[in-house]
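# Observations on chain architecture
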Amino acid sequence: MLVTTGAIMAATLVNGPAASATPSPCAVYDDSISNLDGGYGVMKGSYSLKKGPYMDRCGSVTRLGRGRVIYFHCWVRNRHGNLWAYGRVKGTSKYGWMSIDNFRTIRHSNYETCRPNADRDHT
């Protein structure tokens, strides 16, 4: 039994842990995320624009103050069931994720789901 346990441990050390095929939920989104939503939101307080659709797991892009506007590109519901918008901060070239809970106003949004390389006019 000790020989078997030792062999398994040695194989694990040599081969390392199995690689995960699941991408990080905080992977930086890029130009492949299509602008499918013509709406915008106004911040109700000071919140961090995130690198992914998770408050506690993803790093921040920047901090946005009350009244700042985000132009929506698309939306996702994360594994916790929370709705997040991907978009651009008005007057900047900063993109990132913001929870729907952080907006005091949402206008003209169609809540379109994020899909890579989709065209708003030809989805």
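None of the values given here were measured: they were computed from a predicted structure.

If you tally the helices and strands in the protein chain, you get one helix and seven strands. Helices (α) and strands (β) of the protein chain occur, in sequence order from the N terminus, as α-β-β-β-β-β-β-β. Expressed as a percentage of the 123 residues in the protein chain, the buried residues total 33%. Intrachain contacts of the protein chain at a sequence separation of at least 6 include 62% that bridge at least 24 residues. Entry remark: accessible area of the protein chain is about 7,900 Å², with carbon and sulfur atoms responsible for 52%.

Quick look at the layout of surface pockets now. Within this model, the largest pocket holds a volume of roughly 230 Å³. If one sorts the elements of the lining of the largest pocket by residue count, strand β2 (residues 47-50) sits on top with three residues. Here the lining of the largest pocket is built from residues that sort into four nonpolar, six polar and four charged.

Right, let's talk about the pattern of salt bridges for a bit. Taken as a whole, this structure holds one salt bridge when the rule is applied. A salt bridge links R115 to E112; the shortest N-O distance between them is 2.8 Å. Overall, R115 belongs to the partly exposed group, its relative accessible area being 26%.

Of all hydrophobic cores here, the largest spans eleven residues; its members are M43, L49, L64, I70, F72, W75, L83, A85, V89, M98 and F103. Sorting the residues of this core by element identifies β4 (69-77) and β5 (83-89) as the ones contributing at least two each. Among the nonpolar cores identified, the runner-up in size contains seven residues, and I33, C74, W84 and C114 belong to it.

For the coordinates displayed, the defined rule picks out one disulfide. Through a disulfide, C74 is tied to C114; the S-S separation comes to 2.0 Å. On the sign convention where negative means left-handed, the S-S torsion of about 95° between C74 and C114 marks this disulfide as right-handed. Here C74 is found in strand β4, whereas its partner C114 is found in the segment after β7 (103-107), with 40 residues between them in sequence.

Parameters and conventions
Residues numbered from 1 in each chain as written. Predicted model: local features only at pLDDT ≥ 70, side-chain atom pairs only at ≥ 80, totals over all residues. Heavy atoms only, no water. Helix = DSSP H or I, 4+ residues; strand = E, 2+ residues; numbered from the N terminus. Buried < 20%, exposed > 50% of the residue type's maximum accessible area, 1.4 Å probe, protein only. Contact = heavy atoms within 4.5 Å. Areas by Shrake-Rupley, 256 points an atom, 1.4 Å probe, with all protein chains shown as cover. 1 Å grid on protein atoms, 1.4 Å probe; cavity = no way out; pocket = protein on both sides within 12 Å on 5 of 7 lines; lining within 4 Å. Points joined across faces, edges and corners; volume = space filled by probe spheres on them. Nonpolar A, V, L, I, M, F, W, Y, C, P; charged D, E, K, R; others polar. Salt bridge = Lys/Arg side-chain N within 4 Å of Asp/Glu carboxyl O. Core = buried A, V, L, I, M, F, W, Y, C linked by side-chain atoms within 4.5 Å. Disulfide = S-S within 2.5 Å.

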